[in-house]
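These are the residues of each chain, in order.
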Amino acid sequence: MAVLQKIRQRSLLLILVIGFCLLAFVVGDLVQGGGFNRTPSDVGSVNGNEISFDDFRVKVDNVEKSGQGLTSAQAVNRVWEQEVTVSLLNTEFEKLGLRVGEDHIIEVLKQSQDIGQNPSFLNEAGVFDIAKFKEYFRTNPEQAQMINARKRDAELNAKFQIYSSLVKSGVYTTNAEAKLKYEMEANKVNFDFVSVAYSTIKDSEVKISDAEIVDFMKKNEKKYKAEETRDIEFVVIEDKASTEDQDEVKKELTQTLSGKVVYNKETQKNDTLPGFRSASNIADFVNSNSDIPYDSSFVAKSSLPAEFAEQLYNLPQGEVFGPYLYNGYYAVSKSLGRQAGINAKASHILLAYKGAMRANPSVTRTKEEAQAKANELLAQVQANPSSFMMLAMTNSDDSSKQQGGDLGFFSKGQMTPKFNDFVFGNPIGKIGLVETEFGFHIINVTDKQDGIRLATIARKIDASESTTDKVYTKAVKFEMEAADKDFAAVAKENGVTVTPSVKVQAMDESFGPIQNQRQIVKWAFEKKTNVGDVKRYEVPNVGHVIVKLKKVNEEGLMAIDQARLSIEPKLKNKKKAELIKAKMKGSSLADIAKASGSTVQNAADLTVENAVLPGAGFEQKVVGTAFSLAANKVSAPIEGNSGVYVIQTKSVTKAPAITDYKPYVAKLSGQSASAPGRVIGALKADAEIEDNRQLFY
């Protein structure tokens, strides 16, 4: 009763405590996941237009199932690029008020062979029939959803065709531009110049600070913009077979060579089982004892393991060679005999004709003309076999003409039957004419290879359970020690090498030599992962990868150490230019050359388009200045690509006036033909794109 009394007295306090705990729990839940920091429900957005994760996931699944061999991350990246592009284009289409009718959509659909050439949609004349097309989907409603999705894609495609046409129409070349192009190619200038190369000043004489690098990047922010990245360093502790494991496999393999005695429970007697040397059914024996099934084919010497090819190829029938180590296996091989001419080498000259299989559309000769030409070439080759290569290069309609008709080695059945029969049915040196579905072939049999049949028992050298346990223990120990100690020092103690840090982006799936490890990259970008954190991952066929997050590079300007490689030479040349200008004093080129330790040189008949200075390279800025400079006037120092120049124009020769600039209009129009293809990149550059993919994948 005393206890109950105390509870009643303190009930208010108890209620307050429970209420406080519940409030803390709710607030914690809001902060952690359900409220203030809730995971976005969209995979991203483009200019405020959200990309639904549910729709995105379905499209990724479809790409993964499409049989293109893409990894999950590759499928995600492909769909993302498509979604961003579609969103940007749809916005442009809406701005322009683009609309397409059913006829236009049908025309786009017809471009797909499964629709435009589908027998279900063709009339008696083999022409696409819109009525049959509509009737098919009216009577097959289960297919309606599929065709509706295709129509949506076709509508987008149709709009893009119109959009591309509009862009192309908006990009045109005027006569004024064509005239300028003509003059840049034809106007010529002669001038004298003094040049001092930047390389005359040592790089060590000019220093570039980090602040100067940053300032340069800020002035060119778009060019040096960087995505958010992480620097990861790692070690690999390989889970591979030990020397003891290799020895054990070799021992077991050796034991298969000789017979063994086993107890037969049924007869209650000992049976003597034959070994590899004396087994009567070789195929069954190999399949029962090998990790690689029996192969009855004959193989050429060139196809045998290079290190042991000589021993294996010359192995007498019935003899055994091995054990030998090859490609992660221990193997023993038994010769089952040889066969002559398993592979052959030949050259040919193909004379195709119009209508022959795979004939190039440019081939117009008739079958009779092709045969007559083939007989003519055959007579030439038989009279002078050494002319075969040249005749093939100048007459053959096959791509092998570039190799003088040489087809290399091939096996029986690899070529079309008549070609195959001629080559394998005739000796080396035989030349003849064969007709196939591709045309007429003049064939020269140039070589043959004999083959050997080997029965091989191969055992994969895998790490034993004991070895795997030791590797696991070593990796776990490394992970624990590296969490508190210097990563490199722990690696040195364990006899492993730290791979220099690699930079990864949020949606990468591989880093360095470690492929398809999306989980590791994702860990590096998790909010709870801090610089210095260490984690171990088991990677199939590799072993244990212990990674350390070395650095977080936020979105913004490129990292200084990375940008320095491209920016520092530019800034150094800028400083070198000031030092060189200080030396280039004088009222004449001769004085300037003497003051700067250089010489006066001459440039003749240069154009703005062909602005290559003798001994200096392409210097368009220098040549452009020469055109604008008054005759015999000495210019101010000009900062060029490879040095500083002072010039004195001697003469300018104007190109003769022309009335027709169409060739130059065509040149410039060709350069602008790719404008529609550059639109997407331009739209992306100006778009506000929010990418949340790393939160879902």
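Note that the structure is a prediction, hence the values are computed from the model and not measured.

1. Here's the deal with the overall build of the protein
So, point 1. Across its full length, the protein holds 24 helices and 23 strands.
So, point 2. On C-alpha atoms alone, the protein measures out to a radius of gyration of 38 Å, which is more than a quarter above the 26 Å that the 2.2 N^0.38 rule sets for 697 residues.
So, point 3. Principal-axis analysis of the C-alpha atoms places the extent of the protein at approximately 125 × 115 × 75 Å.
So, point 4. In the protein, of all internal contacts separated by at least 6 residues, the share reaching a separation of at least 24 is 66%.
So, point 5. Summing over all exposed atoms, the protein offers an accessible surface of approximately 41,100 Å²; the carbon and sulfur share of this is 51%.
So, point 6. Distance from the positive charge centre (88 side chains) to the negative charge centre (89 side chains) of the protein: 3 Å.

2. Re the environment of threonine 607
So, point 1. Relative to the elements of secondary structure, threonine 607 occurs in the loop between β18 (600-606) and β19 (612-613).
So, point 2. Spatially, the C-alpha atoms of threonine 607 and tyrosine 697 are 55 Å apart, while their sequence positions differ by 90 residues.
So, point 3. Ignoring sequence-local partners within four residues, the contact set of threonine 607 consists of Met184, Glu185, Asn187, Lys188, Val623 and Phe627.

3. Side note on the nonpolar core
So, point 1. Ile51, Phe56, Val60, Trp80, Leu88 and Tyr163 are the most contacted members of the largest nonpolar core, which has 23 residues in total.
So, point 2. Among the elements of the structure, β1 (42-46), α3 (53-64), α4 (72-96), α8 (144-170) and α24 (675-686) are those that each provide at least two residues to this core.
So, point 3. Broken down by element, this core gets its largest block of residues, eight residues, from α4.
So, point 4. Among residues more than four places away in sequence, those in contact with valine 60 are Ala75, Val76, Val79 and Tyr697.
So, point 5. Among the nonpolar cores identified, the runner-up in size contains 17 residues, and Ile520, Val521, Ala524 and Val545 belong to it.

4. What to know about the pattern of salt bridges
So, point 1. Counted under the stated rule, the structure contains 36 salt bridges.
So, point 2. With a shortest N-O distance of 2.7 Å, arginine 365 and aspartate 397 are connected by a salt bridge. Here arginine 365, found in the loop between β10 (329-351) and α14 (367-383), pairs with aspartate 397, found in the loop between α15 (388-395) and β11 (406-411); they are 32 residues apart in sequence, far enough to count as distant.
So, point 3. Residue classification places arginine 365 among the partly exposed positions, given a relative accessible area of 23%.
So, point 4. Relative accessible area serves as the criterion here: at 33%, aspartate 397 is assigned to the partly exposed category.

5. A closer look at the sheet that holds β18
So, point 1. Strand order across the open sheet formed by four strands is β18-β3-β22-β21, with antiparallel pairing between neighbours. Of all the strands in the sheet, the pair left with one neighbour each is β18 and β21 (638-639).
So, point 2. With 10 bridges joining them, strand β3 (residues 188-197) and strand β22 (residues 643-653) adopt antiparallel strand pairing. Along β22, the bridge assignment pairs asparagine 190 with serine 651.

6. Structural notes on the pairing of strand β9 (residues 320-326)
So, point 1. Pairing geometry for β9 and β10, over five bridges, is antiparallel. By the bridge assignment for β10, valine 320 is matched with lysine 334.
So, point 2. Connecting β9 to the antiparallel partner β10 that follows it, the hairpin turn spans two residues, and asparagine 327 within it adopts a positive phi of roughly 55°.

7. Topic: the packing of α4 against α8
So, point 1. For the pair α4 and α8, the least separation of the axes is 11 Å and the interaxial angle reads 65°. The angle between the axes of α4 and α8 places the two elements in the roughly perpendicular class. Crossing handedness for the pair α4 and α8: left-handed. Counting all contacts with α4, which are made through Val86, Leu89, Asn90, Glu92, Phe93 and Leu96, the residues of α8 involved are Leu156, Lys159, Phe160, Tyr163 and Leu166.
So, point 2. Of the residues that constitute the contact of α4 with α8, the class distribution is eight nonpolar, one polar and two charged.

8. Looking at the packing of aromatic side chains
So, point 1. Here the structure, examined in full by the defined rule, presents 27 aromatic pairs.
So, point 2. The interplanar angle of 75° and the centroid separation of 6.3 Å between the aromatic rings of phenylalanine 121 and phenylalanine 128 together place this pair among those described as edge-to-face.
So, point 3. Summarising the aromatic geometry, the rings of phenylalanine 234 and phenylalanine 511 are spaced 5.1 Å apart at their centres and angled 85° between planes, so their arrangement reads as edge-to-face. Separated by 277 residues along the polypeptide, phenylalanine 234 in strand β5 (residues 229-238) and phenylalanine 511 in the loop between β14 (499-505) and α19 (518-525) bring together distant segments of the chain.
So, point 4. Among the aromatic side chains, those forming a connected cluster through ring pairs are Phe53, Phe56, Trp80, Phe696 and Tyr697.

9. Description of unusual backbone geometry
So, point 1. In the segment running from glycine 322 into proline 323, the intervening peptide bond is cis, with an omega of 5°.
So, point 2. With respect to the helices and strands, proline 323 occurs in strand β9.
So, point 3. At asparagine 327, a residue that is not glycine, the phi angle is positive and equals roughly 55°.
So, point 4. Of note, asparagine 327 is situated in the loop between β9 and β10.
So, point 5. Relative accessible area serves as the criterion here: at 64%, asparagine 327 is assigned to the exposed category.
So, point 6. Phi at asparagine 516 is positive, roughly 50°, even though this residue is not glycine.
So, point 7. Secondary-structure assignment places asparagine 516 in the loop between β14 and α19.

10. Points about the sheet that holds strand β2 (residues 49-52)
So, point 1. Strand order in the open sheet made by the three strands is β2-β1-β23, with antiparallel pairing throughout. Single-partner strands in this sheet number two, and they are β2 and β23 (689-691). Between one strand axis and the next, the sheet turns through 20° on average, direction left out of account.
So, point 2. Bridge count for β1 against β2 is four bridges, and the pairing is antiparallel. Considered in β2, the bridge of valine 46 is made with asparagine 49.
So, point 3. Here α4 sits on the sheet and contacts β1, β2 and β23; the angle it forms with β1, its principal contact strand, is near 40°.

11. Looking at the side chain of threonine 173
So, point 1. For threonine 173, the position within the fold is in the loop between α8 and α9 (175-186).
So, point 2. When its relative accessible area of 17% is taken as the criterion, threonine 173 is described as buried.
So, point 3. Within the local environment of threonine 173, its side chain forms a polar contact with the side chain of serine 669, the two groups lying 3.5 Å apart.
So, point 4. Apart from residues lying up to four places away in sequence, threonine 173 is in contact with Ala178, Val665, Leu668 and Ser669.

12. Quick look at helix α11 (residues 243-255)
So, point 1. Over its 13 residues, α11 runs 19 Å from end to end, which matches the ideal 18 Å to within 8%, given 1.5 Å per residue.
So, point 2. Within the sequence span of α11, burial applies to Asp245, Val249 and Leu253. What you see down the axis of α11 is that its buried residues fit within an arc of 70°, all on one side. Exposed and oriented more than 90 degrees from the buried face of α11 are Thr243, Glu244 and Gln255.
So, point 3. Looking at the packing, one finds that the buried side of α11 touches β9, β10, β13 (439-460) and α17 (465-482).

Cut-off values and rules
- Residues numbered from 1 in each chain as written.
- Predicted model: local features only at pLDDT ≥ 70, side-chain atom pairs only at ≥ 80, totals over all residues.
- Heavy atoms only, no water.
- Helix = DSSP H or I, 4+ residues; strand = E, 2+ residues; numbered from the N terminus.
- Rg over C-alpha atoms; globule rule 2.2 N^0.38 Å.
- Contact = heavy atoms within 4.5 Å.
- Areas by Shrake-Rupley, 256 points an atom, 1.4 Å probe, with all protein chains shown as cover.
- Lys, Arg positive; Asp, Glu negative; His and termini not counted.
- Charge placed at Lys NZ, Arg CZ, Asp CG, Glu CD.
- Core = buried A, V, L, I, M, F, W, Y, C linked by side-chain atoms within 4.5 Å.
- Buried < 20%, exposed > 50% of the residue type's maximum accessible area, 1.4 Å probe, protein only.
- Salt bridge = Lys/Arg side-chain N within 4 Å of Asp/Glu carboxyl O.
- Pairing = 2+ DSSP bridges.
- Axes fitted to C-alpha atoms, helices over the stretch in contact; angles between N-to-C directions.
- Parallel < 35°, antiparallel > 145°, perpendicular 65-115°, else oblique.
- Left-handed = near helix turned anticlockwise from the far one by under 90°.
- Nonpolar A, V, L, I, M, F, W, Y, C, P; charged D, E, K, R; others polar.
- Phe/Tyr/Trp six-rings, centres within 6.5 Å; stacked < 30°, edge-to-face > 60°.
- Polar contact = N/O pair within 3.5 Å; in protein donor to acceptor, adjacent residues only side chain to side chain.
- Expected span 1.5 Å × (residues − 1).
- Arc of directions from axis to C-beta.

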